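The residues making up each chain are set out below.
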Amino acid sequence: MPGLQIDHVDISDLPMANPDLETDNGDGFPPEVESFRDRVLAADCFLFASPEYNYSVTGSLKNALDWASRGSVKCWADKAAAIVCAGGDFGGGRGSLHLRQIGIYLDIHFIDKPELHVRAFDDPPKFDADGNLTDAKTRERLKKVLLSLQAFALRLQRNE
Ligand SMILES: Cc1cc2nc3c(=O)[nH]c(=O)nc-3n(C[C@H](O)[C@H](O)[C@H](O)COP(=O)(O)O)c2cc1C
């Protein structure tokens, strides 16, 4: 999409968030955490794409959110974000609400609309066997999410 570059950030190698692993008066972190925090800090905005676990965010996403909330540099703060999710009957919508709640204290500014919660087990399926989103209407909705996120990120950067 023009003007939009999406970098996938792998959070699978992060240790469990634990202040005992912090050094330098709370501003030093394990190497995997340092590089994750650098990528969060460098991002213009965030697209959270995560499954819902037991009506909430996954433990691994919460862990990543917690790591980048530590220290004197607030990596998440004052940036735009959007959520996309695929799940059961509610398409992961309940987990998204929890994510919005977590974002309050981190000063993450989520776009309100549009949201994209995809019912992953519908027939006909919206994804192919490789997990690619193939349903044309849902792809169009995803495009609207990305355009809204881009517009909101630019507004925040202009301080409007
Ligand atoms: C521990 C656990 C809890 C889950 N809880 C929910 C849930 O609350 N709502 C939901 O829609 N799906 C839930 N799921 C299903 C996930 O959404 C699903 O595993 C995820 O979309 C990944 O899909 P895949 O296994 O096809 O890659 C859960 C899965 C796991 C492993």
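**Here we look at the pairing of strand β2 (residues 79-87)**
Argument step 1. Buried residues dominate β2, accounting for 8 of its 9 residues.
Argument step 2. Crossover strand β1 (residues 45-49) to β2 through helix α2 (residues 59-67) is right-handed.
Argument step 3. Where β2 and strand β3 (residues 108-110) come together, 3 bridges link them in parallel fashion. Bridge pairing in β3 places K79 opposite I108.
Argument step 4. Note that the unit made of β2, helix α3 (residues 93-106) and β3 has a crossover that is right-handed.
Argument step 5. Across 4 bridges, the pairing between β2 and strand β4 (residues 116-119) is parallel. Paired with V84 across the strands is L116, a residue of β4.

**Observations regarding the pattern of salt bridges**
Argument step 1. For the structure shown, the criterion picks out 6 salt bridges.
Argument step 2. Note that R119 is salt-bridged to D122, the shortest N-O span being 3.1 Å.
Argument step 3. We classify R119 as partly exposed; its relative accessible area is 38%.
Argument step 4. The partner of K126 in a salt bridge is D122, and the shortest N-O contact between them spans 3.0 Å.

**So, the site of the ligand**
Argument step 1. Residues in close proximity to the ligand include P51, E52, Y53, N54, Y55, A86, G87 and G88, which together make up its full environment.
Argument step 2. Within the contact set of the ligand, a nitrogen atom lies 2.8 Å away from a backbone nitrogen or oxygen of N54.
Argument step 3. With respect to the ligand, the backbone of Y55 contributes an N or O atom lying 2.8 Å from an oxygen atom.
Argument step 4. Isolated, the ligand exposes 610 Å² of accessible area, and the fraction of that covered by the protein chains is 49%.
Argument step 5. Of the residues belonging to the shell around the ligand, the class tally is 4 nonpolar, 3 polar and 1 charged.

**Remarks on the packing of α2 against α3**
Argument step 1. Running from N to C, α2 and α3 cross one another at 10 degrees; their axes reach a closest spacing of 11 Å. The orientation of α2 with respect to α3, classified from their angle, is roughly parallel. Contacts from L61, K62 and L65 of α2 reach α3 at L99, I102 and L106.
Argument step 2. Across the contact of α2 with α3, the residue classes tally to 5 nonpolar, no polar and 1 charged.

**Considering the nonpolar core**
Argument step 1. F48, L65, W76, L99 and I108 are the most contacted members of the largest nonpolar core, which has 22 residues in total.
Argument step 2. At the level of elements, α1 (31-42), β1, α2, β2, α3 and β3 are the ones that each hand at least two residues to this core.
Argument step 3. The dominant element in this core, judged by the number of residues it contributes, is α2, at 4 residues.
Argument step 4. Setting aside chain neighbours within four positions, we find I108 in contact with F48, L65, W76, K79, A81 and G103.

What counts, and at which threshold
Residues numbered from 1 in each chain as written. Predicted model: local features only at pLDDT ≥ 70, side-chain atom pairs only at ≥ 80, totals over all residues. Heavy atoms only, no water. Buried < 20%, exposed > 50% of the residue type's maximum accessible area, 1.4 Å probe, protein only. Helix = DSSP H or I, 4+ residues; strand = E, 2+ residues; numbered from the N terminus. Right-handed = clockwise from strand over helix to strand, strands pointing away. Pairing = 2+ DSSP bridges. Salt bridge = Lys/Arg side-chain N within 4 Å of Asp/Glu carboxyl O. Near = heavy atom within 4 Å. Polar contact = N/O pair within 3.5 Å; in protein donor to acceptor, adjacent residues only side chain to side chain. Areas by Shrake-Rupley, 256 points an atom, 1.4 Å probe, with all protein chains shown as cover. Nonpolar A, V, L, I, M, F, W, Y, C, P; charged D, E, K, R; others polar. Axes fitted to C-alpha atoms, helices over the stretch in contact; angles between N-to-C directions. Parallel < 35°, antiparallel > 145°, perpendicular 65-115°, else oblique. Contact = heavy atoms within 4.5 Å. Core = buried A, V, L, I, M, F, W, Y, C linked by side-chain atoms within 4.5 Å.

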